[in-house]
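These are the residues of each chain, in order.
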Amino acid sequence: MSFFRRPLVVRADRLSAIGAFLVVLAVFGLTFVGTAELNDAEVEFQSTSAFARAGSLALQGTPEADRIEADLLRDPDLASDLHVRVVEARADAGAADRAPRSPRIYGRHGVGQVLVALPFYAAGRLWGALAPGLEEQAVRLAYDGVEASEPLAHLVVGLRNPLLGAGTIWLVAMCALRLGVRRRRAIGAALALAGSTFLWPQARSSLSDVQATFFLLLALHLVLVARERLDRLEMPPGRIAFGIGAALAMAFLSRIAVAPACALIAAVGESVLRFGARRIAASRWTPRGGSGVTPQRALLLALAPIAVGCAVFVGTNLARYGKPFDSGYGSIFDGTLFQGVAADGLKGLLLSPSRGLVWFAPLVLLAPIGIARALAERERLLTFCLFGVTALVALPAAATVDWHGASTYGPRYLLPCLPFLWLFVALALEEASRRPWIGRAALALFVPGFVVALGGVVVDHRTHDDLARRAAEIEWPDAPSLGLPITASLEDIRRERYNRTLWDVRFAAPLAHWRIFRHRVAGLGEAFPVDELYHVAGAAVLSPRSERHREFHHFGWREFVRRFDGPGTVPIGAAVLLVLFGVIALVRGLDRTAQ
């Protein structure tokens, strides 16, 4: 492995990246979903609430938790749809004379989701304590007349993904800068990631993929920071090594599926540290009295949070499910976590009209140009890392039966590797200085990417998912219409029907979202003829089942106005201020004379 000096990130670079972060945060924040829109996210919130109130991850003490318990008593098979696991209480030693304990309900999610949500939850509870009238009014105005709890905490916790999504944009800009991409192109690539990919619809939502993506990329960024120090013949400070380990631990705790990618980044970080320390020891130009730590201590500082994260993982699994390696979806060793046919899943993740990466992030088609540039500049280690992370995220996702990610917009299981691929896009844009046609191709790919991303924002993915599933029942009413044997189970019929919608262009999510939007802005209400919306024969007219999925209730600012009687100028004014400060930072940072 060879080391060579790289351009240092200067103040203007950081200022530009901060400006991009603020602008993107304003956009993501103004379009965020508000309270949890999916069972997964609501269960994560209930776990956070239970942990904060009772010190347990078992769902309890709220109307939502009681409703989940009642639904499971009525139909235990709903556990999978509700994304929970019911655990029978284990008998305590010497407790024969005590009343039997009732089963406990746990969410199927990483404990990292709870840990990161806790400060947001605390802020929401504090807000609710300071303004109890708002809480009471919001409870009365809950959607569909269903009793709700802790509405302000729900709203504030919903800001987590917009913040982490904007943080991912900042990290992409900083990583690109540390890879030698010039300032304007690095910032342009980062903003293109925000505006022309499915990251935007995902960041406004409330699933775990955004959090795992942020921490995974944060670990890589800190590896690049450490490498930059080593290029200057300095050992990195201990906080960088500790940060790498902490970021990897949080990524793993947020989403177990990224564990292989975490291991690869850890190995790359160790290689950078080992070879860099060896080079420093062999150089006679090494500065005296450096402030960094020894290689051995740096390694220990990185391993410490990883060890703590592993202990938390095992401990919480034992507490919830009684098995150290059962994270809620099945054991990572017994073959129940990853199933399916990888070839079909990979094809779907890349090409499906409703999930394909090339449709939901078309600028990745420039990645091969960036790969060639990286190899030409002898970026072998980082190229291997970026390739490896992409493969280790994509292949396990493709090998699952539910490779599509169920109710979502775009291939959300590929989100953790998207920023890594995007660094190659940034390198390709840098190559445009020598080959102008690359810039023209980038613009041609950005425009459809922006249209697709915006479609996932102006209409909520749950609206399309609800309408598409019901329209599919009309198009394929039974097993023979799907090419299945008459004896096929109801579950097989549902799965095949849903898979048909993922490949049938009539049901393509981007097109359907814009048709729904056009119908609404034309003032035609919430009654959608299936022949116009999905080109399905028949006179059926469908409307979203839930009030939450109608009109534009999927925006958090609408909920703030409707349920909390808040002035619309507050979220809009906050977004304007963020954009203003962001634009000022961008203008100052992108000034060609700035240092």
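Residues numbered from 1 in each chain as written. Predicted model: local features only at pLDDT ≥ 70, side-chain atom pairs only at ≥ 80, totals over all residues. Heavy atoms only, no water.

### So, the overall build of the chain
Counting secondary structure elements, the chain contains 26 helices and four strands. Looking at the chain as a whole, 56% of its 595 residues qualify as buried. In the chain, the proportion of contacts linking residues at least 24 apart, taken out of those at least 6 apart, comes to 77%. A total accessible area of about 25,500 Å² is found for the chain, and carbon and sulfur atoms account for 63% of it. Positive and negative side-chain charges of the chain, numbering 63 and 51 respectively, have mean locations separated by a distance of 13 Å. (Helix = DSSP H or I, 4+ residues; strand = E, 2+ residues; numbered from the N terminus. Buried < 20%, exposed > 50% of the residue type's maximum accessible area, 1.4 Å probe, protein only. Contact = heavy atoms within 4.5 Å. Areas by Shrake-Rupley, 256 points an atom, 1.4 Å probe, with all protein chains shown as cover. Lys, Arg positive; Asp, Glu negative; His and termini not counted. Charge placed at Lys NZ, Arg CZ, Asp CG, Glu CD.)

### Topic: helix 1 (residues 11-30)
In this model helix 1 runs 29 Å from its N-terminal to its C-terminal C-alpha over 20 residues, within 8% of the 28 Å that 1.5 Å per residue would give. Counting buried positions along helix 1 yields 14 of 20 residues, so the element is predominantly enclosed. (Expected span 1.5 Å × (residues − 1).)

### Quick word on empty space enclosed by the protein
A full pass over the atoms with the stated rule returns four cavities of 30 Å³ or more. Together, 16 residues line the largest cavity, and Ala-41, Val-157, Gly-158, Arg-160 and Ser-206 are the ones closest to its centre. Counting residues per element, the lining of the largest cavity draws most heavily on helix 2 (residues 39-54), which supplies four residues. Grouping the amino acids of the lining of the largest cavity by side-chain chemistry returns five nonpolar, nine polar and two charged. Considering only enclosed or pocket space, the second largest cavity measures out at about 110 Å³ in volume. Forming the walls of the second largest cavity are 14 residues, and the residues nearest its centre are Arg-355, His-464, Asp-465, Tyr-498 and Leu-502. Mapped onto the lining of the second largest cavity, the elements with two or more residues apiece are helix 21 (461-475) and helix 22 (490-503). (1 Å grid on protein atoms, 1.4 Å probe; cavity = no way out; pocket = protein on both sides within 12 Å on 5 of 7 lines; lining within 4 Å. Points joined across faces, edges and corners; volume = space filled by probe spheres on them. Nonpolar A, V, L, I, M, F, W, Y, C, P; charged D, E, K, R; others polar.)

### A look at the side chain of Ser-149
Inspection of the secondary structure puts Ser-149 in the loop between helix 6 (132-140) and helix 7 (151-157). At 2.7 Å, the side chain of Ser-149 and the side chain of Glu-64 are in polar contact. In this view, Ser-149 contacts Thr-62, Pro-63, Glu-64 and His-154; residues no more than four positions away in its chain are not counted. (Polar contact = N/O pair within 3.5 Å; in protein donor to acceptor, adjacent residues only side chain to side chain.)

### Side note on the packing of helix 21 against helix 23 (residues 509-521)
In the contact formed by helix 21 and helix 23, the axes pass within 10 Å of each other and the chain directions differ by 100 degrees. By the angle between their directions, the pair helix 21 and helix 23 is classed as roughly perpendicular. Taking contact as the criterion, the partners of His-461, Thr-463, His-464 and Leu-467 in helix 21 are, on helix 23, Ala-509, Ala-512, His-513, Ile-516 and Arg-520. When the residues that make up the contact of helix 21 with helix 23 are grouped by side-chain class, the tally is four nonpolar, four polar and one charged. (Axes fitted to C-alpha atoms, helices over the stretch in contact; angles between N-to-C directions. Parallel < 35°, antiparallel > 145°, perpendicular 65-115°, else oblique.)

### Quick word on the layout of surface pockets
If you add up the space inside the second largest pocket, you get close to 420 Å³. Gly-29, Phe-32, Leu-159, Pro-571 and Ala-574 are, among the 19 residues lining the second largest pocket, the residues nearest its centre. The set of elements that each furnish at least two residues to the lining of the second largest pocket consists of helix 1, helix 7, helix 8 (160-178), helix 25 (556-564) and helix 26 (569-590). By residue number, the principal contributor to the lining of the second largest pocket is helix 26, which donates five residues. Among the residues making up the lining of the second largest pocket, the classes are represented as 17 nonpolar, two polar and no charged.

### Topic: a nonpolar patch on the surface
Residues Leu-350, Leu-351, Trp-359 and Trp-503 make up a contiguous nonpolar surface patch of roughly 380 Å² in combined accessible area. Mapped onto the elements, Trp-503 comes out in helix 22. Judged by its relative accessible area of 35%, Trp-503 falls in the partly exposed class. (Patch = residues over 30% accessible without salt bridge, like charges linked within 9 Å, V, L, I, M, F, W, Y side chains within 5 Å. Salt bridge = Lys/Arg side-chain N within 4 Å of Asp/Glu carboxyl O.)

### Some words on the nonpolar core
Membership of the largest hydrophobic core comes to 137 residues, with the highest contact counts inside it found for Ile-265, Val-389, Leu-418 and Trp-422. Among the elements that make up this core, the one with the highest residue count is helix 11 (residues 209-231) (15 residues). Each residue touching Trp-422, except ones within four places of it in the same chain, is listed here: Val-172, Ala-189, Ala-192, Leu-193, Ser-196, Thr-197, Ala-361, Leu-363 and Val-364. (Core = buried A, V, L, I, M, F, W, Y, C linked by side-chain atoms within 4.5 Å.)

### With respect to unusual backbone geometry
One can expect most non-glycine residues to show negative phi and most peptide bonds to be in trans. At Arg-378, a position not held by glycine, the phi torsion is positive, near 65 degrees. Here Arg-378 shows up in the loop between helix 17 (367-376) and helix 18 (380-398). Residue class for Arg-378 comes out partly exposed when judged on its relative accessible area of 46%.

### A closer look at the packing of aromatic side chains
By the definition in use, this model includes 13 aromatic pairs. Look at Phe-507 and Tyr-534: their rings are 4.9 Å apart centre to centre, the planes differ by 15 degrees, and that puts the pair in the stacked class. Of this pair, Phe-507 sits in the loop between helix 22 and helix 23 while Tyr-534 sits in the loop between helix 24 (530-533) and strand 4 (541-542), and the two are 27 residues apart along the sequence. Relative accessible area serves as the criterion here: at 1%, Phe-507 is assigned to the buried category. Its relative accessible area of 0% is what places Tyr-534 among the buried residues. Between Trp-514 and Phe-517, the aromatic rings sit 5.5 Å apart at their centres with planes inclined by 90 degrees, giving edge-to-face as the arrangement. Residue Trp-514 and its partner Phe-517 are located together in helix 23, separated by three residues, close to a single helical turn. (Phe/Tyr/Trp six-rings, centres within 6.5 Å; stacked < 30°, edge-to-face > 60°.)

### Concerning the side chain of Glu-431
Secondary-structure assignment places Glu-431 in helix 19 (residues 418-431). Overall, Glu-431 belongs to the buried group, its relative accessible area being 6%. A distance of 2.5 Å separates a polar atom in the side chain of Glu-431 from a polar atom in the side chain of Arg-373. Residue contacts for Glu-431: discarding those within four places in its chain leaves Ile-369, Arg-373 and Ile-438.

### Comments concerning the pattern of salt bridges
Counted according to the given criterion, the structure contains 26 salt bridges. For Glu-431, the salt bridge identified is with Arg-373, shortest N-O distance 2.5 Å. Taken together, the residues span a long stretch of sequence, with Glu-431 in helix 19 and Arg-373 in helix 17 at a distance of 58 residues.

### Concerning the confidence of the model for the chain
The pLDDT averaged across the chain works out to 87; a share of 92% of its residues lies at or above 70. For the chain, helix 4 (residues 79-82) is the element with the lowest average pLDDT, namely 74, and helix 8 is the one with the highest, namely 96. A low-confidence stretch, residues 1-5 stays under pLDDT 50, and its non-local contacts, those more than four residues away or across chains, total 17 contacts. The model gives residues 331-338 a pLDDT under 50, and that stretch makes 17 contacts with residues more than four places away or in other chains. (pLDDT = per-residue confidence, 0-100.)

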